[in-house]
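Here are the chains, one letter per residue:
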Amino acid sequence: MFTGIIESIGSIRALTPKGGDVRVHVETGKLDLGDVKLGDSIAVNGVCLTAVELPGNGFLADVSRETLDCTAMNDLKSGSPVNLEKALTPTTRLGGHLVSGHVDGVGEVVSRTDNARAVEFRIRAPKALAKYIAHKGSITVDGTSLTVNAVDGAEFLLTIIPHTLSETIMASYRPGRRVNLEVDLLARYLERLLLGDKAAEPVAGNITESFLAANGYLKS
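Parameters and conventions
- Residues numbered from 1 in each chain as written.
- Predicted model: local features only at pLDDT ≥ 70, side-chain atom pairs only at ≥ 80, totals over all residues.
- Heavy atoms only, no water.
- Salt bridge = Lys/Arg side-chain N within 4 Å of Asp/Glu carboxyl O.
- Helix = DSSP H or I, 4+ residues; strand = E, 2+ residues; numbered from the N terminus.
- Buried < 20%, exposed > 50% of the residue type's maximum accessible area, 1.4 Å probe, protein only.
- Phe/Tyr/Trp six-rings, centres within 6.5 Å; stacked < 30°, edge-to-face > 60°.
- Pairing = 2+ DSSP bridges.
- Axes fitted to C-alpha atoms, helices over the stretch in contact; angles between N-to-C directions.
- Core = buried A, V, L, I, M, F, W, Y, C linked by side-chain atoms within 4.5 Å.
- Contact = heavy atoms within 4.5 Å.

J.: I tried to follow the pattern of salt bridges on my own but got confused; where do I start?
T.: Side chains bearing opposite charge may pair, as long as their charged atoms lie close to each other. Using the criterion set out here, one finds 13 salt bridges in the structure. Close ionic contact of Asp62 with Arg23 constitutes a salt bridge, the shortest N to O distance being 2.7 Å. Highlighted residues: Asp62 in strand 5 (residues 58-63) and Arg23 in strand 2 (residues 21-27), separated in sequence by 39 residues. A residue is classified by how much of its surface remains accessible, and Arg23, at 18% relative accessible area, is buried. Note that Arg188 and Glu182 form a salt bridge whose closest N and O atoms lie 3.9 Å from each other. When its relative accessible area of 2% is taken as the criterion, Glu182 is described as buried. One network of salt bridges, in which partners are shared, links Arg23, Glu53 and Asp62.

The following block contains the structure:
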């Protein structure tokens, strides 16, 4: 688990194909690795990765095909800056919100607008995630815990203060950039809880008229 409070901006040193997936070498900048052991989790742009080597200037981790397919990790290259956060401990100050490091989808920066000393970003989420994004709710963008200032369909607005711009990679965001999104954990669990006993039923391969009627979506 993480908090969404970025501890350091690191960079990608190398991405090496390995047995069908990728091994990534991350240089961690000011991130203190003194308490990190092999097998520990570190979030890279909001993606929870497991340290498999600790060469001293950073760490190496294996990135599966599933992760490459479901995140914006494929957009990274040697030299790309990345947000970094170590996994929280029982004594960690929870300054953001609970973040799992499991990306729900990839969004796109639609616009960037200066607003006094802050910058406003409009981001388009995948349609399937729109129901989890609420005005004044929490969302994680490339591992950064942020507050949603407005919602319009699948698009949402963020107002980013100068401190966040300087301590994360968001200063480099421009329209068209793809970003990792993780919605609030509570929203996901609440949806599952509201299914009640239906949560134990297999997901239908096709939605039929009889399925809709049985579940109260059609009136007789």
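There is more to say after this.
J.: Explain the packing of aromatic side chains here, please?
T.: Two measures describe an aromatic ring pair: the distance that separates the ring centres and the angle between the ring planes. This model, assessed by the stated rule, comprises one aromatic pair. When the centroid spacing of 5.7 Å and the interplanar angle of 70° are considered together, the rings of Phe121 and Tyr173 count as edge-to-face. Placement of the pair is Phe121 in strand 8 (residues 118-124) and Tyr173 in the loop between helix 2 (162-167) and strand 13 (178-183), with a sequence separation of 52 residues. Here Phe121 matches Tyr173 in class, with each residue buried.

J.: Explanation requested: the sheet that holds strand 11 (residues 150-152) in the structure shown.
T.: Pairing between the strands of a sheet comes from backbone hydrogen bonds, and it takes one of two forms, parallel or antiparallel. One open sheet accounts for seven strands, arranged 10-9-13-7-8-12-11; its pairing is antiparallel. Every interior strand has two partners, whereas the edge strands, strand 10 (144-147) and strand 11, have only one. Put simply, the sheet's adjacent strands are angled 35° from each other on average, direction ignored. Here four bridges tie strand 9 (residues 138-141) to strand 10, and the two strands are oriented antiparallel to one another. When the sheet's bridge partners are listed, Val141 is paired in strand 10 with Thr144.

J.: Looking at this structure, how should I read the pairing of strand 1 (residues 8-18)?
T.: Relative to strand 6 (residues 81-86), strand 1 runs antiparallel, the two sharing four bridges. Counterpart to Ser11 in the pairing with strand 6 is Pro81. Where strand 1 meets strand 2, seven bridges bridge the pair, whose relative direction is antiparallel. Residue pairing in the sheet places Leu15 in a bridge with Val24 of strand 2. Where strand 1 hands over to strand 2, the hairpin turn is made up of two residues, of which Gly19 adopts a positive phi near 60°.

J.: What's the story with the nonpolar core in this structure? I'm lost.
T.: The tendency in soluble globular proteins is for nonpolar side chains to be buried as a group. If you look at the biggest cluster of nonpolar residues, it comprises 22 residues, and the most contacted ones within it are Phe121, Ile123, Val141, Phe156, Leu158, Met170 and Tyr173. Among the secondary structure elements, those contributing two or more residues to this core are strand 8, strand 9, strand 12 (155-160) and strand 13. Not counting residues up to four positions away in its chain, the partners in contact with Phe121 are Val109, Ser111, Arg112, Phe156, Leu157, Leu158, Ile160, Leu165, Met170 and Tyr173. One finds Val26, Phe59, Leu68 and Met73 within the second-largest nonpolar core, a separate group that totals 21 residues.

J.: How do you make sense of the sheet that holds strand 6 when you look at a structure like this?
T.: Strand order in the closed barrel formed by six strands is 1-2-5-4-3-6, with antiparallel pairing between adjacent strands. When strand polarity is set aside, the average angle formed by the axes of neighbouring strands in this sheet is 45°. In this sheet, strand 5 lies alongside strand 4 (residues 47-53) in antiparallel orientation, the contact comprising two bridges. Looking at the pairing, Glu53 lines up with Leu60 of strand 5.

J.: It is not clear to me how unusual backbone geometry should be interpreted in this structure. Could you clarify?
T.: Residues apart from glycine generally show negative phi values, whereas peptide bonds are mostly found in trans. Unusually for a residue other than glycine, Asn45 sits at a positive phi of about 50°. Look at Asp142: it is not a glycine, yet its phi comes out positive at around 50°. Structurally, Asp142 can be placed in the loop between strand 9 and strand 10.

None of this, on its own, says anything about what the molecule does.
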